[in-house]
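# Geometric and topological summary
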Amino acid sequence: MGNAVVKLLGVMIGVLLLFLYPILESYQRQDDLAAMYVQRSASTFSDAVRDKGVITPVMWNDFMAEMEKTGNVYDVVVEHYEKKYDPIYRDPVQVNTFTGDYLIRYQLNNKVMLMEKLFPGDGQSVESPSRTYKLSIGDYFYVSVSNTNRTRAAMILDWLTGSFGPTERIRIPVGGMVRNESS
């Protein structure tokens, strides 16, 4: 009886090593390739936005279509920190007490604001200038992309270990200062 259990255990380990491990490695490689592809797509989009100083509906749709090619579902977080200048007064009620200095602050414009501008739902063409989201030199623009679905590698790893790891296996943050602006 004990010998049969050892043989069965040996067969199960052999099956794991011969079949599941190569499949797991293959799926992990797919995740790595997807992460590199998303990194390239997000960097290209972020650089184009920072170089042009605008986001158009066509740019956004092309970016989203690029990421869909990986077969994963992504959550895209967009942050635009708009540079604002507030004049400093000795007495805020008196305009003539302006000190000649300005307080620089950054106002956060998030994805909701961006989508309202790009896709207002008023039936205008995607080429319409009114659907262009503009940025200024000195602003900051960031994009963060993370997958929301369980990849095949995650499912197999969870099955083998008997636990459930985090869903997010791909997380790509990119961005920086806006270098140009549209006139």
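Our subject is the structure that appears above.
## Overview of the overall build of the protein
What the protein contains, in helices and strands, is 4 helices and 6 strands. Along the protein, helices and strands appear, N-terminal first, in the series α-β-α-β-β-α-β-β-α-β. Taking all 183 residues of the protein together, the buried fraction comes to 29%. The long-range share in the protein, meaning contacts at least 24 apart out of those at least 6 apart in sequence, stands at 71%. Carbon and sulfur atoms make up 59% of the accessible area of the protein, which amounts to about 11,500 Å² in all. Taken as two groups, the 19 positive and 21 negative side-chain charges of the protein have centres that lie 4 Å from each other.

## Notes on the pairing of strand β2 (residues 74-89)
Bridge analysis of β2 against strand β5 (residues 140-147) gives 8 bridges, and the strand direction is antiparallel. Bridge assignment links aspartate 75 to a residue of β5, and that residue is serine 146. Note: β2 against strand β3 (residues 98-110), 10 bridges, orientation antiparallel. Looking at the pairing, proline 87 lines up with tyrosine 102 of β3.

Conventions and cut-offs
- Residues numbered from 1 in each chain as written.
- Predicted model: local features only at pLDDT ≥ 70, side-chain atom pairs only at ≥ 80, totals over all residues.
- Heavy atoms only, no water.
- Helix = DSSP H or I, 4+ residues; strand = E, 2+ residues; numbered from the N terminus.
- Buried < 20%, exposed > 50% of the residue type's maximum accessible area, 1.4 Å probe, protein only.
- Contact = heavy atoms within 4.5 Å.
- Areas by Shrake-Rupley, 256 points an atom, 1.4 Å probe, with all protein chains shown as cover.
- Lys, Arg positive; Asp, Glu negative; His and termini not counted.
- Charge placed at Lys NZ, Arg CZ, Asp CG, Glu CD.
- Pairing = 2+ DSSP bridges.

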